[in-house]
Amino acid sequence: ETDAGDYTCVCGDKQSTASLAVHALPVLFKEELKNEEVQEGASVSLRCELTKAAPVQWKIGSKVLKASDKYQMRQPGTTAELFIHDLEVKDA
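Residues numbered from 1 in each chain as written. Predicted model: local features only at pLDDT ≥ 70, side-chain atom pairs only at ≥ 80, totals over all residues. Heavy atoms only, no water.

Digging into the pairing of strand β2 (residues 14-20)
The pairing of strand β1 (residues 5-11) with β2 spans seven bridges and is classified as antiparallel. Directly across from G5, in β2, lies its bridge partner L20. Count of turn residues in the β1/β2 antiparallel hairpin: two residues, of which G12 carries a positive phi of about 65 degrees. (Pairing = 2+ DSSP bridges. Helix = DSSP H or I, 4+ residues; strand = E, 2+ residues; numbered from the N terminus.)

See below:
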């Protein structure tokens, strides 16, 4: 999308200009989340991969998760990762 704009070819005192529009492709899941089973008190890492870098939001049910000592989020490039520490039964 950042390549969109007006481009000009100049030759001496003549020039030709064209406008370039770039249509964004939708973000898709290249690798989806996988189910996990872990012991109470342990930590778990959930990850998914997108077709291109885009902001993600992590939720449990309808509750949006915020970064804390319990929840850590990372997003290197197209991979989104959620780390959950000190798991409790209610985290299922």
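Here the narrative resumes.
Re the pairing of strand β8 (residues 79-84)
Of all six residues making up β8, five are buried, and the element is well covered by its neighbours. Across six bridges, strand β4 (residues 44-50) lies against β8 in antiparallel orientation. Bridging from a neighbouring strand, V44 pairs with I84 of β8. Taken together, the four bridges between strand β7 (residues 71-74) and β8 define a ladder with antiparallel strand orientation. Counted as the bridge partner of M73 is L82 from β8. Count of turn residues in the β7/β8 antiparallel hairpin: four residues, of which G77 carries a positive phi of about 65 degrees. (Buried < 20%, exposed > 50% of the residue type's maximum accessible area, 1.4 Å probe, protein only.)

Quick notes on the sheet that holds strand β3 (residues 29-31)
Read across the sheet, four strands follow the order β3-β4-β8-β7 without closing on themselves; strand pairing throughout is antiparallel. Across the chains shown, the open sheet's two edge strands, defined by having one partner strand only, are β3 and β7. Averaged over all pairs of adjacent strands, the angle between their axes in this sheet comes to 25 degrees, without regard to strand direction. (Axes fitted to C-alpha atoms, helices over the stretch in contact; angles between N-to-C directions.)

Let's talk about the UniProt feature "domain: Immunoglobulin I-set" (unreviewed entry) in the chain
As recorded in UniProt, the feature "domain: Immunoglobulin I-set" (unreviewed entry) lies at residues 29-92. With 0% helix and 38% strand, residues 29-92 has its two end C-alpha atoms placed 23 Å apart. (UniProt positions renumbered as here; feature names shortened; annotations may be inferred.)

With respect to the side chain of E81
Here E81 is to be found in strand β8. A distance of 2.6 Å separates a polar atom in the side chain of E81 from a polar atom in the side chain of R74. Beyond its immediate chain neighbours, meaning those up to four positions away, E81 contacts L46, R47, W58, Q72, M73, R74 and P76. (Polar contact = N/O pair within 3.5 Å; in protein donor to acceptor, adjacent residues only side chain to side chain. Contact = heavy atoms within 4.5 Å.)

So, the environment of D3
By the element assignment, D3 lies in the segment before β1. A sequence separation of 18 residues divides D3 from A21, and the C-alpha atoms of the two residues are 8.1 Å apart. Here D3 is in contact with L20 and V22, once residues within four sequence places are set aside.

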